[in-house]
Amino acid sequence: MNFKSIQAKVLIALVVCLVLGTGCVVELMHYFTVENSKSMAAEAATSSQKLFAILEAREVSKMTAVSDVLLADTQVRDAFAAKDRNRLLTLTAPLYPQLKSQGISNWMFHTSEPDTSVFLRLHNPAKFGDHLNRFMDKEVVRTHAMVSGNELARAGFAIRIIRPVYDSKGAITGYIELGEELGQFIHAMKSQSGDDYGLLLNKKFVDRQFWTDSSAALKRRDNWNDNAQFVVADRTAANDRIIRFQGDLSTVPELGTELEEYRDGSSVFVRAIFPIRDAAGNTVGAMFVVRDITAVYIAMRRTQNILLAVTVVSLSLGVFLVLMLLNRLIFARLKRILTAATRLVGGDFETKIKTDSDDEVGQLEQLFEQFRNIFLSVLAEISGAQLTR
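Okay, so let's go over this structure. Just so it is clear, the model here is predicted, and its values are computed rather than measured.

**Points about the packing of helix α1 (residues 6-71) against helix α8 (residues 294-345)**
Here's step 1: Viewed as axis vectors pointing N to C, α1 and α8 meet at an angle of 160°, and their least axial separation amounts to 10 Å. By the angle between their directions, the pair α1 and α8 is classed as roughly antiparallel. Crossing geometry of α1 relative to α8 is assigned as right-handed.
Here's step 2: Taken together, the residues of the contact of α1 with α8 sort by class into 21 nonpolar, 9 polar and 1 charged.

As structure tokens, then:
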């Protein structure tokens, strides 16, 4: 191929356009893949937040119903009003295993003001008399109405309700508290959504000694020193990848945010995070969510491959058709003109240029044919003049 020819230059230009067009399509598909991954991660955060709120409301409703049943027992109310700890423990201890089997792991009675303190812990009867001084404790004392929500105690994070207990005369004798640890809560979330979760707690809201004590009681590894900013309260996956995070948990957006897409073998996952706030509105931790998008990713990749193949075939066909059209309308006709001109220079005066179109090349063909006729006329006159001499 003569690379100096216009035909070769046009061919090179079209091939470059084909390559650039294919590259643009590939980049565009990559962009949409990334955006789809971000969208799926954001959706995972949003749906997990909604599921968290739904399950939270369900557990609060369950604990409220349980407390209604407990407070309907006059013997329990009378023992509490009389501050008979042994009697109250005897009446309520048989019920605790049943509540624990339903996920209610914390059950306490508090004395009434002005000296509000723990009167009885059903989950740890030997420990009492301490002052918790938490937000929800203060709120129930202030409002004398049931308070519910998430609250981070020194040793863990739980969904709790605290409500007043009244004696037979309608006077407040103290308060009852029920709670469910979020470590159990996220496993219920996993069973419903299929996603994996990890719960992180901000260290500034957690007491170091209580965390150590609770780790020993729950027979779990003390992971306090794993990270400078937070501790891992629980997770539903063994892989540490679920809880990798660099930054301040308090800066996580209210609606959550996507983190990244990653691969584990042949599987593809997206990670997202959303904040966990306590009843007082403090950002005390964050919930990670990991969603398996392998099936969607494979379907998306298959669609992209089909689209890429169709694009390459379409662009290649377009290049071929443009070349064929250029050859038919321009290059082949220019070649005929060049052949006729070459023959004319070589002495072949009979080769005519047939004009089939009024386009630019057709006008050139007409002009060349006029030139050939004029040349033949001039040549005939010259030959006639020479013969008369």
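**Considering the nonpolar core**
Here's step 1: Ranked by internal contacts, the top residues of the largest apolar core, which has 47 residues, are W107, F109, M189, L201 and M287.
Here's step 2: Beyond its immediate sequence surroundings of up to four residues, W107 is in contact with L70, T92, L95, Y96, L99, L120, R121, L122, H123, I176, E177 and L178.
Here's step 3: In this structure, L200, V232, L249 and I273 belong to the second largest nonpolar core, which totals 15 residues.

**Observations concerning the environment of N239**
Here's step 1: Along the polypeptide, N239 turns up in the loop between β7 (230-235) and β8 (257-264).
Here's step 2: Put simply, N239 and D264 are 25 residues apart on the chain and 10.0 Å apart in space, counted from C-alpha to C-alpha.

**Details of the sheet that holds strand β1 (residues 106-111)**
Here's step 1: Spatial ordering of the open sheet is given by β2-β1-β5-β4-β3, a layout of 5 strands whose pairing is antiparallel. The strands lining the two open edges of the sheet, one partner per strand, are β2 (118-121) and β3 (147-152). Averaged over all adjacent pairs, the angle separating strand axes in this sheet is 25°, with direction ignored.
Here's step 2: Where strand β4 (residues 157-166) lies against strand β5 (residues 172-181), 9 bridges are found, and the strand directions are antiparallel. In the sheet register, I159 faces β5, and the bridge partner there is E180.
Here's step 3: Against the sheet, α1 touches β1, β3, β4 and β5, its axis set at about 30° to β4.
Here's step 4: Where helix α3 (residues 85-92) meets the sheet, its contacts fall on β1 and β2, and the angle it forms with β2 comes to roughly 35°.

**Details of the packing of α1 against helix α6 (residues 182-193)**
The description of two helices packed together rests on the angle between their axes and the distance between the axes.
Here's step 1: Between α1 and α6, the least distance of the axes is 10 Å, while the angle of their chain directions is 120°. In terms of their interaxial angle, α1 and α6 are classed as oblique. Regarding α1 and α6, the two cross each other, and that crossing is right-handed. Facing S48, L51, F52, L55, E56, R58 and E59 of α1, the residues of α6 in contact are L182, F185, A188, M189, Q192 and S193.

**A few points about the packing of aromatic side chains**
Here's step 1: A complete count under the given rule lists 6 aromatic pairs for this structure.
Here's step 2: Plain terms: the ring middles of Y31 and F32 are 5.5 Å apart, the flat faces sit at 65° to each other, and that makes the pair edge-to-face.
Here's step 3: Classification of F32 by relative accessible area gives partly exposed; the value is 43%.
Here's step 4: When the centroid spacing of 6.1 Å and the interplanar angle of 40° are considered together, the rings of W107 and F109 count as tilted. For the pair W107 and F109, a shared accessibility class is recorded, and that class is buried.
Here's step 5: By way of ring pairs, the aromatic residues F80, W107, F109 and F119 are connected into one cluster.

Conventions and cut-offs
Residues numbered from 1 in each chain as written. Predicted model: local features only at pLDDT ≥ 70, side-chain atom pairs only at ≥ 80, totals over all residues. Heavy atoms only, no water. Axes fitted to C-alpha atoms, helices over the stretch in contact; angles between N-to-C directions. Helix = DSSP H or I, 4+ residues; strand = E, 2+ residues; numbered from the N terminus. Parallel < 35°, antiparallel > 145°, perpendicular 65-115°, else oblique. Left-handed = near helix turned anticlockwise from the far one by under 90°. Nonpolar A, V, L, I, M, F, W, Y, C, P; charged D, E, K, R; others polar. Core = buried A, V, L, I, M, F, W, Y, C linked by side-chain atoms within 4.5 Å. Buried < 20%, exposed > 50% of the residue type's maximum accessible area, 1.4 Å probe, protein only. Contact = heavy atoms within 4.5 Å. Pairing = 2+ DSSP bridges. Phe/Tyr/Trp six-rings, centres within 6.5 Å; stacked < 30°, edge-to-face > 60°.

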